[in-house]
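# Per-entry structural report
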Amino acid sequence: MKSAVVVFPGSNRERDMLRALETITGTRPAAVWHADRDLPDTDLVVLCGGFSYGDYLRTGAIAARGNIMPAIAKAADRGVRVLGVCNGFQILCEAGLLPGVLMRNAGLKFVCKHVDLEVANADTDFTRKYEAGQVWRCPVAHGDGNYFTDPETLKRLEGEGRVGLRYAHGTNPNGSLNDIAGILNERGNVFGLMPHPENMIEPLNGSTDGRALFESVLEAVA
Amino acid sequence: MKARIKVTLKNGVLDPQGKAIEGALGSLGFSGVASVRQGKLFEVELAETDPAKARAALEEMSKKLLANTVIENYAVELDEK
Amino acid sequence: MKARIKVTLKNGVLDPQGKAIEGALGSLGFSGVASVRQGKLFEVELAETDPAKARAALEEMSKKLLANTVIENYAVELDEK
Amino acid sequence: MIPNDVRITPELIAEHGLKPDEYQRILDLIGREPTLTELGIFSAMWNEHCSYKSSKKWLRTLPTTGPRVICGPGENAGVVDIGDGQAIIFKMESHNHPSYIEPHEGAATGVGGILRDVFTMGARPIAALNALRFGEPDHPRTRHIVSGVVAGVGGYGNSFGVPTIGGEVNFDPSYNGNCLVNAFAAGLADADKIFYSEAKGVGLPIVYLGSKTGRDGIHGATMASAEFGENSEEKRPTVQIGDPFSEKLLLEACLELMASGAVIAIQDMGAAGLTCSAVEMGAKGDLGVELDLDKVPCREDGMTAYEMMLSESQERMLMVLDPAKEKEAEAIFVKWGLDFAVIGKTTDDLRFLIKQHGQVMADLPIKELGDQAPEYDRPWIAAEKPKPLDPADVPAPNDIGDVLTRMLALPDMCSRRWVWEQYDHLIQGNTAIGPGGDAAVIRVENGPKGLAFTLDVTPRYCAADPREGGRQAVAECWRNLTAVGAEPLAITDNLNFGNPEKPDIMGQFVGCIEGIGDACRALDFPVVSGNVSLYNETNGKGILPTPAIGAVGLLDNFEQRVTVAFKAAGEAIVLIGETKGHLGQSIYLRDIAGKTNDRSAPPPVDLAVERRNGDFVRTEIRAGRTTAVHDISDGGILVALAEMAMAGGLGASVKPDAVLPLHAWAFGEDQARYLVTMPEKEAEAFIARAGKAGVPATRLGTTGGNELTLNGGVPISLTGIKAAHESWLPAYMAAGAEL
Ligand SMILES: Nc1ncnc2c1ncn2[C@@H]1O[C@H](COP(=O)(O)OP(=O)(O)O)[C@@H](O)[C@H]1O
Ligand SMILES: [Mg+2]
């Protein structure tokens, strides 16, 4: 599988993501600079974690208006898989590729810890290697992960099975609506989540449960 | 020309910071605070001197960047002299 | 009674957010933006109906919580009706 | 604008922190009255922070070399060889005063400064730690400071993208008006690609990089500007604001530039920014420096030479560049959106020449600015040697379970989870042991090596007996590294004290340094970098002497690491080291028995025993013969045991010493001790090996269950102690209004 990781000024988990993708897919991903207007030929575009533009103004807001974004929107239209992790999720929401917005954590503090994630829909390109209802541990590290959207959109997300992952067992770290940890677009090829599966891929991390997420995409594009 | 843009959360949008401030004011002993909503204020200095053009540009900036119109409203104020 | 508190950075205090926004406006094609400074806006609803008392309370709140007076200024505005 | 030719009055001199005899020294040196800019430059170069005038004499006594030391004190950070052509670069620095004034920004810029010190040398930061000391919890400002400092430390490191993996938090009334924020950072580089600050070559461009210069943190200017009247409101010294976003860009741009081969010398702008960095680069390289301030990127209009030379705006660097690569270098900085300006050149006349608007604002001998700084041999008196305390004089508890529960919930003993959950401790994906254990461990990118990090000092020991306290601080670091299986490599120190002009405070300083030196020599643990922070006083009362030590250790294979958590039921618990029940200066004595002003001796540190016991434990860990290890420090055996149990979610049943009073055994703070677990069937052989090595090893008990049981007595529920341990800090912080 060919993958590409987009790097914005202030991205800071791009090295984690590049390493995870290379380990799991066996192919070195391309690193794409935000100022470029074209994407390389790729099966998966990843927007990684970090503080693009310092998280200034609104998290993800400035990056979402960057040069590379129209190319990502076009790729998504063509059905290319797009994954946004943490700041990447925030950028996708700001860019309108996913609905809703990630607001300040309810506790108003940055939070870094392990949470339990429940697979709310195992029938997606990003979760098919998990069992439905499976619960796995994964780290979060963010200050703005509090997912919010209007009641109508929420109803649609839930009704259409577009909530991919939820915080389980009362581990919701940020006050997200319906314990939402990750959502899909209508077509199911764009996925955004706050937790960091790329930091849960080898025994050093305490478990390898994050791999299945990448392996799901690998299988989906095969 | 100087201008201000106020960006506030739309009604019905959850405001965790405002809520926390309400709580904090309560514990500091301020009673009678019915609600607090937190917004943003941008003080902008423009080269443009024509008020109509300046206002149009500021509206554009608000829509394109400064406000997330899914959850926020904005209002432009010019310092007319 | 409704009121607004504006909290802005003091002159000379670095405003990294404002700077980043300036840059972003530039790359979105807005020219002639000389500077952007970002501040906060608090919209407060008070039970108090006496303007003088309300103003005094809001000043207190600003000093004690809403503004960091080491680096920020604040201004209280009442909605007088 | 502040004129440059103002008359230099005694008030102005005093306002710049210069003593009359120091001013005389300036007059003798340059043979005329200095300009205002020159006075500012001298005040910056000759203040305690830059010149180490009170401490230099004593710092020289520290051991700073060793087979692995590539670069000791004198550069931005220390450099230590870790094999395979790699080096670890690290340092610790204080930001105490700014953090008291504005906790969030003060702490943030402290972290920013130390990260810059590390990447200035060519290293990518891989770990950050922080030692924090706050006033007593009930003091009205404490909560505000805790909240701001923690958010500031986290906010900067999280955004910059370095894992913040450890540190210390203490509360004591002596810090009520003077908190301590000591930030540590470490970075990894190739041993043959280290960058230094020494300028080389005449006529080469001096380049300014990073953020623009504003009027941040110009202290000495307060009165000067007020006196001259114009726009004095505008010229008020402002607090430095951290911009981790710019720093992250600066990191990437610098590393890219270094890889291009364009960098001849590099120095970050820290305290007294442009002045210190430019003088240091020139003086080290025996070169003059000429700067044209009209070229300096400024954030505000009308900045004077004085202001530019003293500004402490953050996220800035100075470099000497290979002129052939100037264009390439500029392109890298433009790509990262940072300012890049050639602001001067190196010269061969050894002058520090500052021009603005075509006029000379300062013209000083560059070497003398550093070399001729005053140096003091301050009078000092050693404190009287304290007497050991007889455990029999310390009241015994009625209910040991209750005391343990209370101890684990003390401000100085409770879980720091509330703090480190605000720090991204997982970023970079190499965190092998995160916060909460003895030392944190980071895998060296792609393995198999691991690096261990810890910060330690016990100020109450240092206050009671500075020399013993100094030894203990180093020994505890060494022990913490050992307890995860690491070989201790080297240390950095951050010496926080009161006013050195007072002989008793100077006595504390000297004593602590002597103690640190003793321990470093005995443990082959050199000092490779450090920082001194003096005058930490409020209303004439100094803080507890706080020589914080930061230490780094190496694991050949990070898989060898071991953590404090009990791993399985039915395992043997063995105590390494001798227990005499030393209660002097213990947490038990101070916080449970309530003897807050006790003058008894702290636990003595026998460095030979320390080394013998530690070497044995490390050998066992590396041979894979231990399942959990924890060193015993604050709170003694029972607290260490409880920490292992809470971390593993497994209880234990143990047999206290039959001779010592129970509380002395449980809560005594004798040094050089560890608790170790292993499978039951291996315990006997373990103890035999210890015996052969001359290391005291006692079988204490067995893991299992949900409780701690002493001698079959009333069980202490893990749930109960864990709740107490975890809840104090969050509850304390939640009780106050903070945003
Ligand atoms: N207590 C100390 N022990 C050893 N070295 C020290 C100590 N204090 C300062 N140094 C060394 O002196 C040099 C100057 O320190 P400092 O001024 O704090 O560095 P910087 O200019 O990077 O802020 C550094 O190399 C530092 O490591
Ligand atoms: Mg430095």
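Right, let's walk through the structure included here. Everything numeric in this text was worked out from a predicted model, so none of it was measured. (Residues numbered from 1 in each chain as written. Chains lettered and ligands numbered in written order. Predicted model: local features only at pLDDT ≥ 70, side-chain atom pairs only at ≥ 80, totals over all residues. Heavy atoms only, no water.)

Turning our attention to the coordination of the magnesium ion (ligand 2). Residues and elements named next belong to chain D. The coordination sphere of the magnesium ion (ligand 2) contains the protein donors N76 (OD1), D117 (OD) and D268 (OD), at a distance range of 1.9 to 2.7 Å. Each donor residue of the magnesium ion (ligand 2) belongs to the same chain, with the gaps between them written as N-x40-D-x150-D. Within this pair, whereas N76 is found in the loop between strand 1 (69–71) and strand 2 (78–83), its partner D268 is found in strand 8 (residues 263–268), the two being separated by 192 residues in sequence. In this pair, the class of N76 matches that of D268, namely buried. (Donors = N, O, S within 2.8 Å, 3.2 Å for Na, K, Ca; no water. Helix = DSSP H or I, 4+ residues; strand = E, 2+ residues; numbered from the N terminus. Buried < 20%, exposed > 50% of the residue type's maximum accessible area, 1.4 Å probe, protein only.)

This part is about the interface of chain A and chain D. Contact with chain A, which involves 26 residues of that partner, is made by 31 residues of chain D. Summed over both partners, the interface of chain A with chain D comes to about 2300 Å²; 56% of that surface belongs to carbon and sulfur atoms. A per-residue breakdown of the area chain A buries against chain D is headed by R19, C112 and L204 of chain A, which together make up 27% of the total. Seen at the junction of chain A and chain D, the total is 4 salt bridges. For the salt bridge of E202 of chain A with R443 of chain D, the shortest nitrogen-to-oxygen distance reads 2.7 Å. Counting across the chain A and chain D interface gives 12 residue pairs in polar contact (both at pLDDT 80 or more). Looking at side-chain class alone, the side of chain A that touches chain D contains 11 nonpolar, 7 polar and 8 charged residues. (Contact = heavy atoms within 4.5 Å. Buried area = accessible area lost by both parts, 1.4 Å probe. Salt bridge = Lys/Arg side-chain N within 4 Å of Asp/Glu carboxyl O. Polar contact = N/O pair within 3.5 Å; in protein donor to acceptor, adjacent residues only side chain to side chain. Nonpolar A, V, L, I, M, F, W, Y, C, P; charged D, E, K, R; others polar.)

Time to look at the site of ligand 1. All names here are of chain D. Residues in contact with ligand 1 amount to 16 residues; listed here are only the nearest, Y52, G74, E75, D493 and G530. G74 is positioned with one of its backbone polar atoms (N or O) 2.6 Å from an oxygen atom of ligand 1. The fraction of the free accessible surface of ligand 1 (550 Å²) that becomes covered by protein chains is 86%. Looking at the shell around ligand 1 residue by residue, the class counts come to 6 nonpolar, 5 polar and 5 charged. (Near = heavy atom within 4 Å. Areas by Shrake-Rupley, 256 points an atom, 1.4 Å probe, with all protein chains shown as cover.)

With that settled, the discussion passes to helix 7 (residues 103–119) of chain D. Relative to the 24 Å expected for 17 residues at 1.5 Å per residue, helix 7 of chain D spans 24 Å between its end C-alpha atoms, a close match to the ideal helical length. Of all 17 residues that make up helix 7 of chain D, 16 are buried, and the element is covered over most of its length. (Expected span 1.5 Å × (residues − 1).)

So, about the pattern of salt bridges. Residues and elements named next belong to chain D. For the coordinates displayed, the defined rule picks out 82 salt bridges over all chains. Residues D190 and K193 are paired through a salt bridge, measuring 3.3 Å at the closest nitrogen-oxygen approach. Note on D190: relative accessible area 37%, which makes it partly exposed. In this structure, the salt-bridge partner of R351 is D363, at a minimum N-O distance of 2.9 Å. With R351 in strand 12 (residues 351–356) and D363 in strand 13 (residues 359–365), this residue pair connects regions lying 12 residues apart in the sequence.

All names here are of chain D. Strand order in this open sheet of 7 strands is 23-25-22-26-24-27-28, and the pairing throughout is mixed. Each having just a single partner strand, strand 23 (628–631) and strand 28 (716–717) make up the two edges of the open sheet. Across 6 bridges, the pairing between strand 22 (residues 571–576) and strand 25 (residues 674–679) is antiparallel. Paired with A572 across the two strands is M678, which belongs to strand 25. Where helix 22 (residues 636–648) meets the sheet, its contacts fall on strand 22, strand 23, strand 24 (652–654), strand 25, strand 26 (697–703) and strand 27 (707–710), and the angle it forms with strand 23 comes to roughly 145°. (Pairing = 2+ DSSP bridges. Axes fitted to C-alpha atoms, helices over the stretch in contact; angles between N-to-C directions.)

Further remarks concern the relation of the copies chain C and chain B. Between chain C and chain B, the superposition needs a rotation of 180° and an axial shift of 0.0 Å, giving an RMSD of 0.2 Å. Here the copies are linked by what is in effect a two-fold axis. No C-alpha of chain C lies nearer the rotation axis than that of K40 of chain C, which sits 2.3 Å from it. A shared binding surface is used by both copies, with 100% of the interface residues of chain C retained as interface residues in chain B. (Least-squares fit on C-alpha atoms with pLDDT ≥ 70 in both.)

The subject of this paragraph is the interface of chain C and chain B. Contact with chain C, which involves 30 residues of that partner, is made by 30 residues of chain B. The largest share of the area that chain C buries against chain B comes from F30, L41 and E43 of chain C, three residues that together contribute 21% of it. Elements with a minimum of two residues in the side of chain C that touches chain B: strand 1 (2–9), helix 1 (16–27), strand 2 (33–46) and helix 2 (51–66) of chain C. Summarising the sheet, strand 2 (residues 33–46) of chain B and strand 2 of chain C pair through 13 bridges and their orientation is antiparallel.

Attention now goes to the sheet that holds strand 1 of chain C. Reading across the sheet, the 6 strands line up as 3(B)-1(B)-2(B)-2(C)-1(C)-3(C) and stay open at both edges, with antiparallel pairing between neighbours. Of all the strands in the sheet, the pair left with one neighbour each is strand 3 (72–78) of chain B together with strand 3 (72–78) of chain C. Strand-to-strand, the axes of this sheet are offset by a mean angle of 25°, without reference to chain direction. Note: strand 1 of chain C against strand 3 of chain C, 7 bridges, orientation antiparallel. Of the residues in strand 3 of chain C, the one forming a bridge with T8 of chain C is N73 of chain C. Lying on the sheet, helix 1 of chain C is in contact with strand 2 of chain B together with strand 2 of chain C; it crosses strand 2 of chain C at an angle near 120°. Running over the sheet, helix 2 of chain C touches strand 2 of chain B together with strand 1, strand 2 and strand 3 of chain C and is turned about 155° from strand 3 of chain C.

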